[in-house]
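Next come the chains, spelled out residue by residue.
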Amino acid sequence: MTDNKITVPDIINSKGKRKLTMVTAYDYITARWVDKSGIDMVLIGDSLAMVMLGHSDTLSVTMEEMLHHTRAVTNGIDRALVIGDMPFMSYQVSVEQAVVNAGRFLKEAKAQAVKLEGGASVVKQVQAIVEAGIPVQGHLGLTPQSVAQLGGYKVQGKTAEAAKRLIDDALALEESGCFSIVLEAIPSSIAEMITSRVKIPTIGIGAGPHCDGQVLVLHDMVGLYDRFTPKFVKKYANLGEELLNALKQFRKEVEKGVFPSREHSFTIKSEELEKIKKS
Ligand code: KIV
């Protein structure tokens, strides 16, 4: 572990002092670049089901797949806090299963914390996981694992009643021991209220500027995931286009015999070459 490794207390203590940053990563090499950037937290999101595995939602990713990707990410991270996202049905069925599966992220994949979705309904799980010594990040608002129940990927907390439920859920998560809470796709004003009511940092994604930090799916923000881009995503690069141009240029150069040139080829001494020709 490096001296400047970000810890859970660092994240909690940053509230009100500086804004936090978090992005997703699903593999070693991307994790290396993320760590170099100084981003505080890296989430191996269950969004990897869509971004890495091509599924249409996050529901079918398994614990084994999540652990496989988490291992790759932790190999690439020296500084950032690594958070493993608990997949659908890895914590909902029982408190015992939730603790066992949360533990696997730390024990088998060297994550430092886990994230799970839901409010009051997962309080028992959060308490038990925290009691086992595993830091938990909550996730409220648009919770993609409940897409069937929510009726689609829609902004949440838009009525007074729904917003009140979100505030109560955030307080319940704080009370049960979460070290931070992701707020996804909710009105900025409600995220601001939650942020001022809880003592732990809120990390927004489509939740406006008042959260204590921001998270984005890396493949969205660099223009690599082209299936769908939510309104809350800002594209900071267009790596998809760059990649496409590189691949097209490679194909053209090979077809025209331009690549490989002498610069990318190896030679053998002429006397050695003569010997082979004579043999
Ligand atoms: O799975 C994921 O990428 C997430 C982020 C959107 C917070 O949960």
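Residues numbered from 1 in each chain as written. Predicted model: local features only at pLDDT ≥ 70, side-chain atom pairs only at ≥ 80, totals over all residues. Heavy atoms only, no water.

1. A few points about helix α11 (residues 239-256)
Link 1 in the chain: Compared with an ideal rise of 1.5 Å per residue, which puts 18 residues at 26 Å, α11 spans 26 Å between its outermost C-alpha atoms and is within 8% of the ideal.
Link 2 in the chain: The first or second residue beyond α11 is glycine 257, which carries a positive phi of 75°. (Helix = DSSP H or I, 4+ residues; strand = E, 2+ residues; numbered from the N terminus. Expected span 1.5 Å × (residues − 1).)

2. A look at the packing of helix α6 (residues 123-131) against helix α8 (residues 160-176)
Link 1 in the chain: Interaxial distance between α6 and α8 falls to 9 Å at its minimum, and their mutual angle equals 25°. Looking at the two axes, α6 sits roughly parallel to α8. Of the two elements, α6 crosses α8, and the hand of that crossing is right-handed. For the pair α6 and α8, contact is made by Val123, Val126, Gln127 and Val130 and by Ala172, Leu173 and Ser176, respectively.
Link 2 in the chain: The residue inventory of the contact of α6 with α8, partitioned by class, reads 5 nonpolar, 2 polar and no charged. (Axes fitted to C-alpha atoms, helices over the stretch in contact; angles between N-to-C directions. Parallel < 35°, antiparallel > 145°, perpendicular 65-115°, else oblique. Left-handed = near helix turned anticlockwise from the far one by under 90°. Contact = heavy atoms within 4.5 Å. Nonpolar A, V, L, I, M, F, W, Y, C, P; charged D, E, K, R; others polar.)

3. A closer look at the domain arrangement of the chain
Link 1 in the chain: Domain annotation of the chain identifies domain 1 (8-237) and domain 2 (242-278).
Link 2 in the chain: A C-alpha centroid distance of 46 Å is found between domain 1 and domain 2. (Domains from an automatic or database assignment.)

4. Quick word on the pattern of salt bridges
Link 1 in the chain: What the rule picks out here adds up to 12 salt bridges.
Link 2 in the chain: Ionic pairing is found between lysine 275 and glutamate 272, a salt bridge with its closest N-O pair at 3.1 Å. Of this pair, lysine 275 and glutamate 272 both sit in helix α12 (residues 270-278), 3 residues apart, which is roughly one turn of the helix.
Link 3 in the chain: Overall, lysine 275 belongs to the exposed group, its relative accessible area being 52%.
Link 4 in the chain: Look at glutamate 272 and you get partly exposed, because its relative accessible area is 34%.
Link 5 in the chain: Ionic contacts of the salt-bridge type, sharing partners, join the residues Glu64, Arg71, Arg104 and Glu108 into one network. (Salt bridge = Lys/Arg side-chain N within 4 Å of Asp/Glu carboxyl O. Buried < 20%, exposed > 50% of the residue type's maximum accessible area, 1.4 Å probe, protein only.)

5. Quick notes on the side chain of glutamine 156
Link 1 in the chain: With respect to the helices, strands and loops of the structure, glutamine 156 is situated in the loop between α7 (147-150) and α8.
Link 2 in the chain: At 2.8 Å, the side chain of glutamine 156 forms a polar contact with the backbone oxygen of lysine 154.
Link 3 in the chain: Aside from chain neighbours lying at most four places away, what touches glutamine 156 is Gly141, Leu142, Leu150, Leu166, Ala185, Ile186 and Pro187. (Polar contact = N/O pair within 3.5 Å; in protein donor to acceptor, adjacent residues only side chain to side chain.)

6. Quick word on the pairing of strand β5 (residues 136-141)
Link 1 in the chain: With respect to burial, β5 is a largely interior element, 6 of its 6 residues being buried.
Link 2 in the chain: Relative to β5, strand β4 (residues 113-115) is paired through 2 bridges, and the arrangement is parallel. Following the sheet pairing, lysine 115 is matched in β5 by glutamine 137.
Link 3 in the chain: For the segment spanning β4, α6 and β5, crossover handedness is right-handed.
Link 4 in the chain: Here β5 pairs with strand β6 (residues 180-184) via 5 bridges, running parallel. Within β6, the position partnered with glycine 138 by the bridge is isoleucine 181. (Pairing = 2+ DSSP bridges. Right-handed = clockwise from strand over helix to strand, strands pointing away.)

7. A closer look at the sheet that holds strand β8 (residues 213-216)
Link 1 in the chain: The 8 strands are arranged β1-β2-β3-β4-β5-β6-β7-β8 in a closed barrel whose pairing can be described as parallel. Neighbour-to-neighbour, the strand axes of the sheet open up by a mean angle of 25°, direction not taken into account.
Link 2 in the chain: On top of the sheet, helix α4 (residues 63-76) reaches β2 (41-44) and β3 (81-85); it is set at about 155° to β2, its chief contact.

8. Examining the pairing of β6
Link 1 in the chain: Counting buried residues in β6 gives 5 out of 5 residues, a clear majority hidden from the surface.
Link 2 in the chain: Alternating residues of β6 divide into Ser180, Val182 and Glu184 and Ile181 and Leu183, and every residue in both groups is buried.
Link 3 in the chain: Taking the sense of rotation as the criterion, the β-α-β connection linking β6, helix α9 (residues 188-197) and strand β7 (residues 202-205) turns out right-handed.

9. Observations regarding the site of the ligand
Link 1 in the chain: Close to the ligand lie Thr24, Leu43, Gly45, Asp46, Ser47, Asp85, Lys115, His139, Glu184, Ile205 and Val217.
Link 2 in the chain: At 2.6 Å from an oxygen atom of the ligand is found a side-chain nitrogen or oxygen belonging to serine 47.
Link 3 in the chain: In this structure, an oxygen atom belonging to the ligand sits 3.0 Å away from a side-chain N or O atom of lysine 115.
Link 4 in the chain: Protein contact buries 94% of the 260 Å² of open area that the ligand shows by itself. (Near = heavy atom within 4 Å. Areas by Shrake-Rupley, 256 points an atom, 1.4 Å probe, with all protein chains shown as cover.)

10. What to know about a nonpolar patch on the surface
Link 1 in the chain: A grouping of Leu224, Leu239, Leu243 and Leu247 is seen on the molecular surface, where their side chains present a nonpolar patch of about 340 Å² in accessible area.
Link 2 in the chain: By the element assignment, leucine 239 lies in helix α11. (Patch = residues over 30% accessible without salt bridge, like charges linked within 9 Å, V, L, I, M, F, W, Y side chains within 5 Å.)

11. Digging into the environment of alanine 25
Link 1 in the chain: Summarising the element assignment, alanine 25 is placed in the loop between β1 (20-24) and α2 (28-37).
Link 2 in the chain: Sequence-wise, alanine 25 and lysine 234 are 209 residues apart; in three dimensions their C-alpha atoms are separated by 17 Å.
Link 3 in the chain: Excluding residues within four positions of it along the chain, alanine 25 makes contact with Ala31, Val42, Leu43, Ile44 and Val73.

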